[in-house]
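This is what each chain is made of:
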Amino acid sequence: VRKFDGKCSEKYIQNFCDTKKYELIKILDFNERKDTYTLLAKISNTYDNIFIKLFGPNASSKVELSFKSEIKFYKNNSSLQCICKLIHYEKNFFVIEFFQGDTLPKIIDSHFFIKNNNDLSDIFSQINLIFENFYNFNQNFFPISENEKKFVADSFIDRLGNLITSGPKGTKKSNFESFILRQFYKKNYKDLEKNLNKILNSWIQKNYKIISSYGHNDLHCNNFLTNNDFSNSKIVDFENLRYPGIWISDLLYFYGTFFALMSSKSHLQNKIQDQACQHICSFEPRLDSNEIRKIVNLFCISAESNSRFRLHNKGIKIGKILEFQSIVKNLV
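Residues numbered from 1 in each chain as written. Predicted model: local features only at pLDDT ≥ 70, side-chain atom pairs only at ≥ 80, totals over all residues. Heavy atoms only, no water.

## Focus: the overall build of the chain
Part 1: Helix and strand counts for the chain stand at 10 helices and 11 strands.
Part 2: With the C-alpha coordinates of the chain rotated into their principal frame, the extents come out at 60 × 45 × 40 Å.
Part 3: Within the chain, the proportion of its 332 residues that are buried is 52%.
Part 4: Once local pairs closer than 6 in sequence are excluded, the contacts in the chain between residues at least 24 apart make up 71%.
Part 5: A total of about 15800 Å² of accessible surface is found on the chain, and carbon and sulfur atoms cover 48% of it.
Part 6: Separation between the mean location of the 46 positive side-chain charges and that of the 35 negative ones in the chain comes to 5 Å. (Helix = DSSP H or I, 4+ residues; strand = E, 2+ residues; numbered from the N terminus. Buried < 20%, exposed > 50% of the residue type's maximum accessible area, 1.4 Å probe, protein only. Contact = heavy atoms within 4.5 Å. Areas by Shrake-Rupley, 256 points an atom, 1.4 Å probe, with all protein chains shown as cover. Lys, Arg positive; Asp, Glu negative; His and termini not counted. Charge placed at Lys NZ, Arg CZ, Asp CG, Glu CD.)

Here it is in structure tokens:
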């Protein structure tokens, strides 16, 4: 639960719940800049828990459009088992079903750090199942064209920049670490852009299917909910959804954050990298596995360079930052 410091905001939420006959249980998240809230609540006079996503009176038109897009996605994809069901919506909020689980980082902390489990097979199976359902790989994949090269390159660079210079909501930010990471990213930006474009030129020539009908565009581990035995999972938070999307960018971003969570457990990180390569190549078998491994490694080290993506093993890791620089230069 994030610290909630709202003077009129708290009153606004309570008035909202009273008017709509919801019983507020907990404020799960709030974004003061966007004036948005995620609530855990209950429908009055029932035992039914629900999730509510709401924007306040100070939200921008951009936030309102994002809500419309997210509601549209829920409505149009109600058959997907990997997303929560839409229960109700109005202009400034929507309600989805309650999921009995938690974010992947919290489940990982319990299983692989507190309990010291080393078996990743169940979670790998669940990830494969959920992503297969979400993207519908058999129908919604399209080749990248020359006209779309910049679109794909920008997605890769945006996700890598986010891994290095940003971090999940609620994580602590060190100004000194942020400064160091930004400087290294800027220093390597031109080489990164040049080498990614070389790879994309090759993919265009080989007619690889890289474009998907939609993309999540923020698919980090905090947006992957699962239960304690990894038998049921959901993808959440579609405010950054893109039409079309780049499926491979989503998978690289997800596995990069997964890898970073396991920092200090190198034997499990190796398995995550192997799984990422196999998963990506299983949906586009023509991809060069050695090339994909380099790209997977790039995303993984980018995420692990940033302490905000690590569960433990905190602090600045100069070795990881230098490794990122080396991977960029040797990407092709």
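Picking up where we left off.
## Quick notes on the pairing of strand 3 (residues 49-55)
Regular strands place side chains that alternate from one sheet face to the opposite one.
Part 1: The element strand 3 is largely enclosed, with a buried count of 6 among its 7 residues.
Part 2: In this sheet, strand 3 lies alongside strand 2 (residues 36-43) in antiparallel orientation, the contact comprising 7 bridges. Opposite Lys 42, over in strand 3, you have Asn 49 as the bridge partner. (Pairing = 2+ DSSP bridges.)

## Brief notes about the nonpolar core
Part 1: Of all hydrophobic cores here, the largest spans 96 residues; its most connected members are Phe 131, Phe 156, Trp 203, Ile 248, Phe 254, Phe 258 and Ile 292.
Part 2: Top contributing element to this core by residue count: helix 7 (residues 247-261), with 11 residues.
Part 3: Excluding its chain neighbours within four sequence positions, the residues that come into contact with Trp 203 are Ile 144, Phe 156, Tyr 208, Ile 210, Ile 248, Leu 287, Glu 291, Ile 292 and Ile 295.
Part 4: Among the nonpolar cores identified, the runner-up in size contains 14 residues, and Cys 17, Phe 30, Leu 39 and Phe 93 belong to it. (Core = buried A, V, L, I, M, F, W, Y, C linked by side-chain atoms within 4.5 Å.)

## Comments concerning helix 7
Part 1: In this model, helix 7 (15 residues) spans 22 Å end to end at C-alpha, consistent with the 21 Å of a helix rising 1.5 Å per residue.
Part 2: Here helix 7 lies mainly inside the structure; 15 of its 15 residues are buried. (Expected span 1.5 Å × (residues − 1).)

## Quick notes on unusual backbone geometry
Part 1: Here Tyr 243 and Pro 244 are connected by a cis peptide whose omega angle stands at -5°.
Part 2: Relative to the helices and strands, Pro 244 resides in the loop between strand 10 (233-235) and strand 11 (245-246).
Part 3: Phi at Asp 35 takes a positive value of approximately 60°, unusual for a residue other than glycine.
Part 4: Position of Asp 35 among the secondary structure elements: in the loop between strand 1 (22-31) and strand 2.
Part 5: Residue Asp 35 is classed as buried on the basis of its relative accessible area, which comes to 7%.
Part 6: Unlike most non-glycine residues, Asn 313 shows phi in positive territory, near 55°.
Part 7: For Asn 313, the location among the structural elements is in the loop between helix 9 (289-305) and helix 10 (318-329).

## Quick word on the side chain of Glu 284
Part 1: Structurally, the position occupied by Glu 284 is in the loop between helix 8 (266-283) and helix 9.
Part 2: A polar side-chain atom of Glu 284 sits 2.8 Å from the main-chain amide nitrogen of Lys 209.
Part 3: Excluding anything up to four places from it in sequence, Glu 284 contacts Tyr 208, Lys 209 and Trp 247. (Polar contact = N/O pair within 3.5 Å; in protein donor to acceptor, adjacent residues only side chain to side chain.)

## Some thoughts on the sheet that holds strand 10
Part 1: Taken in spatial order, the 3 strands of this open sheet run 6-9-10, and their pairing is antiparallel. Only two strands of the sheet have a single partner each, and these edge strands are strand 6 (102-103) and strand 10.
Part 2: Pairing analysis gives 2 bridges linking strand 6 to strand 9 (residues 224-226), with the strands arranged antiparallel. Within strand 9, the residue paired with Asp 102 across the bridge is Thr 226.
Part 3: Strands strand 9 and strand 10 of the sheet are contacted by helix 4 (residues 121-135), whose axis makes an angle of about 45° with strand 10. (Axes fitted to C-alpha atoms, helices over the stretch in contact; angles between N-to-C directions.)

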